Amino acid sequence: MIFRWKMGVHKRISVGNLTEWICVLLLVLLSGCTYFTQAYRKETVGSLVVFTILYVGFRRIKLKKKQLIIFGIITMTLFLNFAVNSTSMATENMIDYCLIVASLGCVTMLASGMMLGDFTDKYILIMDIIAILSLICFFIQSTNRALVYRLGSSNVVDGYIISPFHTWGWTYIFERNAGPFWEPGAFQGYLMLAILFILNERSIRGGGHIKSAIVLMLAVITTMSTTGYILLAIIICYFVVLYLQESLKNDKNKILTVSKVSVIIFLAIILVKSIISSSVISNKMTTNNQSFSIRMLHLKYGLDVISKKMIFGFGISSPALINEIKMYGMNSNSVGIFAILEYFGIIFGSMFIIWNFFKTCKIYGNLNCVVVVLMFFILHMTEGLLLFPIYMAFLFWNTYQQERKISVKPL
């Protein structure tokens with residue numbers, strides 16, 4: 001079945017392609033978008049399952065052995081973790097584990113049929129649209145707070161003012177841009193993925209994705225996230241290095257090349273200096289800043305919590321873990337790497353973290369591995385993102401090189 005419409009030329013979108021787009025969108029929505037991850041998570045996971053099955057059916061996808069093995073390893077680890085900690089688990093925890101497994105089952109099917117390049121292209125465009133919507137909403141919340149209360153609701157999720165497309169605030173309206181995610185720092189984490197995908201494709205120098213990169217960077221700036229600003233500064237510096245290397249290698253007119261690179265370096269220095277010297281970073285690095293104090297609290301006592309159950313951990317968001325961290329004056333742990341170790345213990349948690357970083361380097365194979373590890377280490381030390389579907393999906397997708405070299409017999 002094929003849909004057609006006229007926009008100067010005929011464009012054809014198959015049902016299989018449409019379901020593919022919807023599935024990637026649903027993975028994003030389930031990765032911390034407040035409305036869909038907290039208020040309507042079960043319904044959103046159910047929708048993902050339905051559309052993934054439709055995708056597999058319309059595209060006649062045959063599941064690949066490698067993806068099934070990865071799914072099996074993660075699923076067995078999750079159920080073992082739940083079983084070991086079952087005495088301290090509630091019904092909500094059981095449902096949480098099941099929803100994670102269902103989401104990963106969908107990722108398994110999608111990664112069996114969708115090339116990495118197709119996934120990244122769709123992700124970039126989806127984040128572009130989210131970024132544009134967020135910039136519009138950020139302008140509204142900065143200029144017309146009365147309109148915010150008409151567009152958003154405080155009755156959907158306790159402690160949040162949200163709409164399906166934007167998180168306006170908690171018990172107060174944000175002065176920062178959180179997009180549809182639970183807080184601005186989380187939003188920048190997903191924007192950064194898209195920017196790195198663009199840089200990995202080496203398409204900025206040739207003009208491709210330049211508009212996307214600008215929109216995404218503008219959205220990062222409006223998050224006013226310290227981590228986002230630091231990562232953005234690293235990306236800008238790294239882009240200048242890559243641009244210089246490729247320009248000197250490919251351009252024949254050396255004088256023009258030096259002139260262009262000099263202008264880019266000059267602009268990059270100004271931009272990076274502005275980012276580093278901004279009040280966002282300087283204010284966050286003071287002990288009287290609430291965000292800084294909370295982060296230091298999580299870093300300080302996170303290791304103490306991990307040491308209480310080092311082998312198997314407490315389980316994902318178990319009542320025992322919540323009670324333990326409350327003893328240290330915390331409601332959660334925003335240090336993502338520590339959170340994984342609290343959930344799964346030192347052995348399984350460390351294996352998962354190392355595996356995720358290894359696969360991330362493979363996914364961003366055109367970028368320097370040291371830069372990739374540095375950026376994601378900073379990101380995951382400040383945000384708890386590793387168990388969300390988009391980041392978990394990194395474990396499943398074959399890299400560009402693997403797609404060319406590995407011939408997997410479908411089951």
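Draft legend 1. Looking closely at a nonpolar patch on the surface. A cluster of nonpolar side chains, namely Leu80, Val84, Met310, Ile311, Phe312, Ile347 and Met351, defines an oily patch on the protein surface of about 630 Å² accessible area. Every element with two or more residues in the nonpolar patch is listed here: helix H4 (65-84) and helix H15 (336-363). Along the chain, Leu80 turns up in helix H4. A residue is classified by how much of its surface remains accessible, and Leu80, at 39% relative accessible area, is partly exposed.

Draft legend 2. Structural view of the pattern of salt bridges. In total, this model carries four salt bridges according to the counting rule given. Asp96 is the partner of Arg41 in a salt bridge, and the nearest nitrogen-oxygen pair spans 2.4 Å. Here Arg41, found in helix H3 (residues 41-59), pairs with Asp96, found in helix H5 (residues 91-113); they are 55 residues apart in sequence, far enough to count as distant. The buried category is assigned to Asp96, whose relative accessible area is 13%. Here Glu324 makes a salt bridge to Lys308, at a shortest N to O gap of 2.8 Å. Remark: Lys308 occurs in helix H13 (residues 290-308) and Glu324 occurs in helix H14 (residues 319-326); sequence separation between them is 16 residues. A residue is classified by how much of its surface remains accessible, and Glu324, at 13% relative accessible area, is buried. One salt-bridge network, held together by shared partners, links Glu20, Arg59 and Lys122.

Draft legend 3. Representation of the pairing of strand E4 (residues 166-169). One ladder, built from three bridges, connects strand E3 (residues 161-163) with E4; its direction is antiparallel. Within the sheet, the bridge partner assigned to Ser163 lies in E4 and is His166.

Draft legend 4. Structural detail: the environment of Phe138. With respect to the helices, strands and loops of the structure, Phe138 is situated in helix H6 (residues 116-143). Placed 40 residues apart in sequence, Phe138 and Ala178 show a C-alpha to C-alpha distance of 8.4 Å. When sequence neighbours within four positions are dropped, the list of residues in contact with Phe138 reads His166, Glu175, Arg176, Asn177, Thr222 and Met224.

Draft legend 5. Representation of the environment of Ala102 within the structure. Its place among the elements puts Ala102 in helix H5. C-alpha separation for the pair Ala102 and Val49, spaced 53 residues apart in sequence, amounts to 7.3 Å. Dropping the residues within four chain positions of it, Ala102 is found in contact with Val45 and Val49.

Draft legend 6. Examining the environment of Phe71 more closely. Note that Phe71 resides in helix H4. Overall, the relative accessible area of 22% leaves Phe71 in the partly exposed class. Between the C-alpha atoms of Phe71 and Leu104, which are 33 residues apart in sequence, the distance is 6.9 Å.

Rules behind the numbers
- Residues numbered from 1 in each chain as written.
- Predicted model: local features only at pLDDT ≥ 70, side-chain atom pairs only at ≥ 80, totals over all residues.
- Heavy atoms only, no water.
- Patch = residues over 30% accessible without salt bridge, like charges linked within 9 Å, V, L, I, M, F, W, Y side chains within 5 Å.
- Areas by Shrake-Rupley, 256 points an atom, 1.4 Å probe, with all protein chains shown as cover.
- Salt bridge = Lys/Arg side-chain N within 4 Å of Asp/Glu carboxyl O.
- Helix = DSSP H or I, 4+ residues; strand = E, 2+ residues; numbered from the N terminus.
- Buried < 20%, exposed > 50% of the residue type's maximum accessible area, 1.4 Å probe, protein only.
- Pairing = 2+ DSSP bridges.
- Contact = heavy atoms within 4.5 Å.

None of the figures reported here should be taken as evidence of function without further support.
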